[in-house]
Amino acid sequence: MISQIPFMAWILVSSFSGIPVTLDEAAAIDGAGKFQIIQKVILPVAMQGIAVAAMYVWLNAWNEFTYAMYLSTNSKTLPLMIYYYVSRCDSFLTEKVRHARVVNFQQTSGELVIQSVE
C-alpha cells in the first residue's frame, strides 16, 4: 500500500488540477455553498481520476496478495494473515452470513410492504 501512494497521488493531483476554476466560480455565483461546489461540481468532474486511482490500488493490493500467497512460503503479510484467519473460521462465518441474509431479506421485504402501502 505504501508504494502505491505516490502514483495514486499523482493521478489524483493531475485529475483535480485539470478542473477549471471557472466551474467553481460559476457554481458560487449560482449560489452554491462550498460543500455543494465540492459535491455537485468538483467530484463528478474528477470521478474518472478517482475511479482510476481506486482500480489501481485495488489491482496492486490483489497482486500483492496473490504473490504473497503463491510465491512466499514462510513470510506472512497482513493480507495473508487475514485470509488464513477467515478461512480457518469458515464454517462460523458462513453461518453468520446465512443469518445476515435472512435478517436482510426480512428487513427489505418489510420495507417494500411499507412503501407499497404508502
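A. Region of the structure containing the overall build of the protein chain. Along the protein chain, the regular secondary structure elements total 5 helices and 0 strands. When the helices and strands of the protein chain are listed from N to C terminus, the series reads α-α-α-α-α. When burial is assessed residue by residue, the protein chain has 14% of its 118 residues classed as buried. Put simply, 51% of the contacts in the protein chain that link residues at least 6 apart link residues at least 24 apart.

B. Structural context of the packing of helix α2 (residues 21-29) against helix α3 (residues 34-71). Across the interface, α2 lies against α3 with an axial gap of 10 Å and an inter-helix angle of 155°. In terms of orientation, α2 and α3 fall into the roughly antiparallel class. Note that α2 runs across α3; the crossing there is right-handed. Residues Leu23, Asp24, Ala27 and Ala28 of α2 lie in contact with α3, whose contacting residues are Ile37, Val41, Ile42 and Val45. Looking at side-chain class alone, the contact of α2 with α3 contains 7 nonpolar, no polar and 1 charged residues.

C. Local environment of the packing of aromatic side chains. By the definition in use, this model includes 2 aromatic pairs. When the centroid spacing of 5.4 Å and the interplanar angle of 45° are considered together, the rings of phenylalanine 7 and tryptophan 10 count as tilted. Within this pair, phenylalanine 7 and its partner tryptophan 10 are both found in helix α1 (residues 5-17), separated by 3 residues, close to a single helical turn. Given a relative accessible area of 32%, phenylalanine 7 falls into the partly exposed group. Given a relative accessible area of 58%, tryptophan 10 falls into the exposed group. An aromatic cluster is present here, built from Phe7, Trp10 and Tyr56 joined pairwise through their rings.

D. Examining the environment of alanine 68 more closely. Here alanine 68 lies in helix α3. The spatial distance from the C-alpha of alanine 68 to the C-alpha of leucine 78 is 9.9 Å, given a sequence separation of 10 residues. Residues within four places of alanine 68 in sequence aside, it is in contact with Thr77 and Leu80.

E. Representation of the nonpolar core in the model. Grouped together as the largest cluster of nonpolar side chains are 6 residues: Ile19, Ala27, Ile37, Val41, Ile42 and Ala46. A per-element tally of this core places α3 first, with 4 residues. Once residues lying within four places of it in the same chain are set aside, the contact partners of valine 41 are Leu23, Ala27 and Gln36.

F. Representation of the side chain of glutamine 4. Tracing the chain through its elements places glutamine 4 in the segment before α1. For glutamine 4, a relative accessible area of 4% gives the class buried. Among all residues touching glutamine 4, those that are not within four sequence positions of it are Tyr56, Val57, Asn60 and Ala61.

Criteria and cut-off values
Residues numbered from 1 in each chain as written. Predicted model: local features only at pLDDT ≥ 70, side-chain atom pairs only at ≥ 80, totals over all residues. Heavy atoms only, no water. Helix = DSSP H or I, 4+ residues; strand = E, 2+ residues; numbered from the N terminus. Buried < 20%, exposed > 50% of the residue type's maximum accessible area, 1.4 Å probe, protein only. Contact = heavy atoms within 4.5 Å. Axes fitted to C-alpha atoms, helices over the stretch in contact; angles between N-to-C directions. Parallel < 35°, antiparallel > 145°, perpendicular 65-115°, else oblique. Left-handed = near helix turned anticlockwise from the far one by under 90°. Nonpolar A, V, L, I, M, F, W, Y, C, P; charged D, E, K, R; others polar. Phe/Tyr/Trp six-rings, centres within 6.5 Å; stacked < 30°, edge-to-face > 60°. Core = buried A, V, L, I, M, F, W, Y, C linked by side-chain atoms within 4.5 Å.

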